Amino acid sequence: MDSFIDNLPPDLFDQTTLVSLASTVAILAVAYAGSRVALPASTPASYRGLFIWHAFDALIHFFLEGSFLYHCFFSWMPLSSVKNPLALAPTAHNFLGYTNRAYGSQAAGDNPFAQLWMVYAKADKRWAGADLSIISLELLTVFLAGPLACLICYGIAKKDPRTNILIIVVATMELYGGFITFCPEWLVHNNNLDTSNFMYKWVYLVFFNMLWVVIPAWAVWVAVADISDAFAIRSRVQATQKRK
């Protein structure tokens, strides 16, 4: 037990970290409250869960990952002012046409959203800088997956069965995005990841990222089951009509 505590970083539960974790819980609470307002009590539990998940998903994409993109494009510092360039997270060569700037949350000072990403960057330092793969993925996530998640919430509230198609599309995007996020790291033996302690490895990297694997996979299962039921009903109706 003592060795487990000794391996934890000294700033693990500082104010910034606690506020960052609390913000995720607050977003989940807002998504749940939205489901209470938008959905009737008769809504099946599975689709209430899907509404909460996609509302949570959209808010995460817009506010947290949107802030990440903002700092990647608009927060920068000249490399000449950095005393120890090796301490910086990498910025892609010639990013936005510049070779003498460091971009990302690491250059945003005390901005609250930047500080949130700097907390996560303790486990994966790519999120402190401007990694091209991450930025490319987040552009699709924020500007495509986020709005689609909102459409899913709207469709569930309106009981539109076509929403199942969007659920499968967004879930596939999330699953593909998770693979694209971490496969480059697996190929270089997790060069940018810190797995030296329980919090960074199992909470930041495994738990938070596996949410976007397990729940989208469940969403696909629910949507496919509903679509399959619709085909089964159509087949029974067609069989009945033929007998007539």
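Residues numbered from 1 in each chain as written. Predicted model: local features only at pLDDT ≥ 70, side-chain atom pairs only at ≥ 80, totals over all residues. Heavy atoms only, no water.

1. Digging into unusual backbone geometry
And then number 1: Despite not being glycine, Asn94 has its phi angle at roughly 65°, a positive value.
And then number 2: Among the secondary structure elements, Asn94 is positioned in the loop between strand 1 (76–78) and strand 2 (101–103).
And then number 3: Positive phi is not limited to glycine here, since Lys159 has a value of about 60°.
And then number 4: Here Lys159 lies in the loop between helix 5 (132–157) and helix 6 (163–187).
And then number 5: Overall, Lys159 belongs to the exposed group, its relative accessible area being 59%. (Helix = DSSP H or I, 4+ residues; strand = E, 2+ residues; numbered from the N terminus. Buried < 20%, exposed > 50% of the residue type's maximum accessible area, 1.4 Å probe, protein only.)

2. Some words on the UniProt feature "transmembrane region" (unreviewed entry) in the chain
And then number 1: Taking the numbering used here, the UniProt-annotated feature "transmembrane region" (unreviewed entry) corresponds to residues 20–39, 51–76, 134–157, 164–182 and 202–224.
And then number 2: Annotated as residues 51–76, this span is 92% helix and 4% strand, and its ends, taken at the C-alpha atoms, are 37 Å apart.
And then number 3: Each end of residues 202–224 is marked by a C-alpha atom, and these two atoms are 31 Å apart; helix forms 100% of the span and strand 0%. (UniProt positions renumbered as here; feature names shortened; annotations may be inferred.)

3. A look at the environment of Leu88
And then number 1: By the secondary structure assignment, Leu88 is in the loop between strand 1 and strand 2.
And then number 2: Residues Leu88 and Tyr47, 41 residues apart in the sequence, show an inter-C-alpha distance of 44 Å.
And then number 3: Dropping the residues within four chain positions of it, Leu88 is found in contact with Met77, Leu79, Val82, Ala102 and Gln106. (Contact = heavy atoms within 4.5 Å.)

4. Observations concerning the pattern of salt bridges
And then number 1: For the structure shown, the criterion picks out three salt bridges.
And then number 2: Among the ionic pairs, Asp124 bridges to Arg126, the shortest N-O distance being 2.8 Å.
And then number 3: A relative accessible area of 0% places Asp124 in the buried class.
And then number 4: When salt bridges with common partners are traced through the structure, they connect Asp124, Arg126 and Glu185 into a single cluster. (Salt bridge = Lys/Arg side-chain N within 4 Å of Asp/Glu carboxyl O.)

5. Focus on the nonpolar core
And then number 1: Phe68 and Tyr204 are the most contacted members of the largest nonpolar core, which totals 45 residues.
And then number 2: Per element, the largest residue contribution to this core is twelve residues, and it comes from helix 3 (residues 45–74).
And then number 3: Setting aside chain neighbours within four positions, we find Phe68 in contact with Trp117, Trp127, Gly129, Ile134, Ile135 and Glu138.
And then number 4: Judged by nonpolar contacts, the second largest core, of five residues, contains Val82, Leu88, Ala102 and Ala107. (Core = buried A, V, L, I, M, F, W, Y, C linked by side-chain atoms within 4.5 Å.)

6. Looking at the layout of surface pockets
And then number 1: Of the volumes computed, that of the largest pocket is approximately 1,000 Å³.
And then number 2: Lining the largest pocket we find 42 residues, and of these Glu65, Tyr120, Phe208, Asn209 and Trp212 sit closest to its centre.
And then number 3: Within the residue set of the lining of the largest pocket, elements represented by two or more residues are helix 2 (15–38), helix 3, helix 4 (112–120), helix 5, helix 6 and helix 7 (198–243).
And then number 4: Here the lining of the largest pocket takes eleven residues from helix 6, the largest share from any one element.
And then number 5: Of the residues contributing to the lining of the largest pocket, the split by class is 27 nonpolar, eleven polar and four charged.
And then number 6: There is about 330 Å³ of room inside the second largest pocket.
And then number 7: Around the second largest pocket, the lining comprises 16 residues; the ones closest to its centre are Tyr47, Asp160, Pro161, Asn164 and Asp226.
And then number 8: Counting residues per element, the ones that place at least two in the lining of the second largest pocket are helix 5, helix 6 and helix 7.
And then number 9: A total of four residues in the lining of the second largest pocket trace back to one element, the largest contributor, which is helix 7. (1 Å grid on protein atoms, 1.4 Å probe; cavity = no way out; pocket = protein on both sides within 12 Å on 5 of 7 lines; lining within 4 Å. Points joined across faces, edges and corners; volume = space filled by probe spheres on them. Nonpolar A, V, L, I, M, F, W, Y, C, P; charged D, E, K, R; others polar.)

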